[in-house]
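Survey of secondary and tertiary structure
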Amino acid sequence: MPPMPYPSDISYQSWYDEKRIALGRSIDRAVEQLREMQAANSTWPLYYPSSKPLTQPIVELDDNDHGVNSLPTAPELLVLRLDVRFGATHHNEFVQRLGKDTIASVLEEKITICSRQLLALRERINDPLSKILVTGDVNAGKSTFCNALLRRRILPQDQQPCTAIFCEVLNAKKNSGLEEVHAATPQHDFDVFAFQDLEQVVTDARYTQCKVFVNDLRTADESLLSNNEVVDITLIDAPGLNHDTTHTTAVFARQEEIDVVVFVVSATNHFTISAKDFIQAATAEKEYLFIVVNAFDTITNKERCKKGIMEQIRQLSPATFKESSELVHFVSSNAVLRPSLTAQGNTNSKCENENMDEDKVRDFQRLERSLRKFVLENRAKSKLAPARTYLLNTLHDINTLATATVQEAQSELSRASKAMNDITPQLETQQKIVVEAGREIDTMIENTCLAIFDHNRSTIGDAIAHAGDEGGSYDVVYRGPWTAFEYAEELKEAMLSRIVDVVIRCEDNARAHAAKGVSAITQLGILHGRGTNAFENLQFRPAAMFSRKRDSLARQVDISIELQDFIDWPRLVSSGKFANAGMALTLATAIGSRLTDLHGWLNPALMLARSVGTDGFRRLLVSGILVTVIAAAIGHIMQQIPHAVPRHLAAKVAAQLSAIDYVYANSARITDRVRRVLRIPAEDVRAALNSSVRDLEQRRDDMDKLRDKSHAALKCFGNIVWASAAEENTVKEINLEAPPSFPE
């Protein structure tokens, strides 16, 4: 295979620039897709793909939208993957337990980081500088390897960790040809040191990194730094990965700004856990890693060592394994450096190597040629390929996230549509129930109140109307004329008390009807409340309905007792009873005994008539009759007092109660109280039924909003799926493997 041309060749540079510009455009479009996804994430949270198969069909979108095919399984994310670990639980399944809002928030931050990394990659591919990061575990021989590349013992070497900061090795031409060490402080100042002070600098906590300016006097074909300015190269010696957490984190972060990673692994230790984690993180961007297995000369069973390490590489970086002949090297860096070599350098490289083991030197020289080829001659792979790999991984994650979100949106759309189909008839039915139940409750209350009012009016009215009936027993004893007024007062109080008792019985009747009404309304609420027990705990206390002073109206009746209340005039004068039957009976009683003895009666009468004369006798007879009649009348009146007083008092009570509308007032009072009592459970039932309607309306509105949001999410994320897939195909067509043939 003919050697590849240097990137300074015009045709190669044109081809390189074409690929670089194409990658830059794709990066810009990917960043725009990430921003669209971030904006959509605020209204519809991104759905993290589940490890379960995705079989939900995608809805058909309109002509301006793009459909998405269902995925058989949810692929793992590469760049936007959430870094969580929890025992043996599958990663995606554990992430799902975090909740949608938490996942969306974390993904928001990951997308922001990814966008920044893409923009940094765009700057990197446009930067002519190539940075080579030499990293690996502690004591893997990183500094020794860098010294071997320089053919000088410049960086400190020790069996203990000796590099605590990043050491950037640059061509001294950038420092006016002066070989110096510039140690940077956190305040962005730097101190200048000589090479012999470098060992103290790299272990000094005051410094964060240093720049080592070196004059590599070897030819351009041998040196990485002195390559006739074909490519500006910086060689970075990093602290060991498993030294401490701070250094390891710093190396992980630094690799994102590096073009080429040279990973130095000890032949005796192979890849440690921290090394595997670093390589997995690096492969998200860098498909190819340059791996150096150092101290290989110390291994006895070299084939076994090679087989074990190559198997690890195959699992960690398949692309590197595929091109292992160029990217994986088993060397001994110490063999390249003669012990007598000083830090002052030597211009004759052949003299330096004449006493070295030729096989070890050839292995290292082959490594150098491969590294030069990877960095200088195949710059598209070393410089552009990391950007292409990271971009493809990002587009893959965009497509995966958008597809999973589309699947979730489709599932939510189906759920919302089904819920709407279920809720709409339920809502219509419940609205009818509310109207019918309200009408039924109103009818029940009105019928109950009307029955109570009619009963009260009839009962109280009858009690007043028949208060003076002859058959009425008030337990009041008439003890004679001399207690007639006391009898009348007691009788009046008894009449009013009986009327009050009737009112109380009406209240008791109202309580019973109210209890039945409350029970009926409660049962109605339970019946239409779909099994709710909200009314079962409703407490009704009938005794509290009329607990206050029941009837103050009767106590306000003021009836005076008059003399005429003791005389039953209608009975005395009605039907001529006084002139005929009454007086006749009285006279007959008074003189009847004398009439039976006519002889005994006539003799005294004749003697009286002769002595007083005819006229005098006549006058005497009339006076006697009048006295007899008056005495009879008074006797009759006294006899009729127990009958006359009740009728007269009842008439007066009825008249005064009628004047204050006593019957209606008490009937209305009792009825209104019942109505207020029944309205309490009635309002509770209405409120519960209306609440169920509002709940259904709220669910309907929520599902309607969810359906609209699902449609919008399907459209938005469906477009992102289509755009990311199209952009991924575009990036895949950017071939960095085979540069064009150049004419001789």
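Analysis parameters
Residues numbered from 1 in each chain as written. Predicted model: local features only at pLDDT ≥ 70, side-chain atom pairs only at ≥ 80, totals over all residues. Heavy atoms only, no water. Buried < 20%, exposed > 50% of the residue type's maximum accessible area, 1.4 Å probe, protein only. Helix = DSSP H or I, 4+ residues; strand = E, 2+ residues; numbered from the N terminus. Salt bridge = Lys/Arg side-chain N within 4 Å of Asp/Glu carboxyl O. Expected span 1.5 Å × (residues − 1). Bend = angle between axes of the 7 residues up to and from the residue. Pairing = 2+ DSSP bridges. Contact = heavy atoms within 4.5 Å. Axes fitted to C-alpha atoms, helices over the stretch in contact; angles between N-to-C directions. Phe/Tyr/Trp six-rings, centres within 6.5 Å; stacked < 30°, edge-to-face > 60°. Lys NZ or Arg CZ within 6 Å of the ring centre and 35° of its normal. Parallel < 35°, antiparallel > 145°, perpendicular 65-115°, else oblique. Left-handed = near helix turned anticlockwise from the far one by under 90°. Nonpolar A, V, L, I, M, F, W, Y, C, P; charged D, E, K, R; others polar.

1. So, helix H4 (residues 142-150)
With nine of nine residues buried, H4 is to be regarded as a mostly interior element. Taken as a whole, H4 has its buried residues at Lys142, Ser143, Thr144, Phe145, Cys146, Asn147, Ala148, Leu149 and Leu150. In the stretch just after H4, arginine 151 is the one whose phi turns positive, near 60°.

2. Description of the pattern of salt bridges
Within the structure shown, the criterion is met by 32 salt bridges. The residue glutamate 368 makes a salt bridge to arginine 218 at a minimum N-O spacing of 3.6 Å. A residue pair is termed long-range when its members are at least 10 positions apart, and glutamate 368 in helix H13 (residues 358-377) and arginine 218 in the loop between strand S5 (209-214) and strand S6 (232-237) qualify at 150 residues. Residues glutamate 368 and arginine 218 agree in their burial class; the two are buried. For arginine 457, the salt bridge goes to aspartate 454, with nearest N and O atoms at 3.5 Å. Here aspartate 454 and arginine 457 lie together in helix H14 (residues 379-465), a separation of three residues that amounts to about one turn. Here aspartate 454 falls in the partly exposed class, since its relative accessible area comes to 33%.

3. So, helix H20 (residues 662-732)
Relative to the 105 Å expected for 71 residues at 1.5 Å per residue, H20 spans 101 Å between its end C-alpha atoms, a close match to the ideal helical length. At arginine 679, H20 shows its largest kink, close to 25°, and the proline proline 681 lies no more than four residues downstream.

4. Overview of the pairing of strand S4 (residues 190-193)
Working note: regular strand, side chains alternate between the two faces of the sheet. Bridge count for strand S3 (residues 181-184) against S4 is four bridges, and the pairing is antiparallel. Directly across from histidine 182, in S4, lies its bridge partner valine 192. Between S3 and S4, which follow one another and run antiparallel, lie five residues, and histidine 188 among them has a positive phi close to 70°.

5. Details of the side chain of threonine 405
As for its placement among the helices and strands, threonine 405 is situated in helix H14. With a relative accessible area of 0%, threonine 405 lands in the buried category. Leaving out residues up to four positions away in the same chain, threonine 405 has contacts with Trp44, Pro45, Leu46, Tyr47 and Phe717.

6. A closer look at the sheet that holds S4
If you walk across this open sheet you meet the nine strands as S4-S3-S5-S2-S6-S1-S7-S8-S9, and the pairing is mixed. The two strands at the open ends of the sheet, each matched to only one other strand, are S4 and strand S9 (328-330). Each strand of the sheet is rotated relative to its neighbour by a mean of 20°, with strand direction disregarded. Pairing geometry for strand S2 (residues 166-171) and S5, over six bridges, is parallel. Among the inter-strand pairings, asparagine 171 is bridged to a residue of S5, identified as valine 214. Sitting on the sheet, helix H7 (residues 273-282) touches strand S1 (129-136) and strand S7 (260-266), and the angle it makes with S7 is about 165°.

7. A few points about the packing of aromatic side chains
Summed over all chains, the structure comprises seven aromatic pairs. Chaining the aromatic ring pairs together yields one cluster made of Phe263, Phe271 and Phe278. A cation over a ring is seen here: lysine 306 above phenylalanine 330, with NZ or CZ 5.4 Å from the ring centre. For lysine 381, the ring lying beneath its charged end belongs to tyrosine 288, and the centroid distance is 4.9 Å.

8. So, the packing of helix H3 (residues 100-126) against H14
Following both chains from N to C, one finds H3 and H14 inclined at 155°, their axes separated by 11 Å at the closest point. With respect to H14, the axis of H3 lies roughly antiparallel. In the packing of H3 onto H14, the handedness of the crossing is left-handed. The residues of H14 that touch H3, namely those facing Lys100, Leu107, Cys114, Gln117, Leu118, Leu121, Arg124 and Ile125, are Lys383, Leu384, Pro386, Ala387, Tyr390, Leu391, Thr394, Leu401, Glu408 and Glu412. Considering only residue class, the contact of H3 with H14 consists of 11 nonpolar, two polar and five charged.

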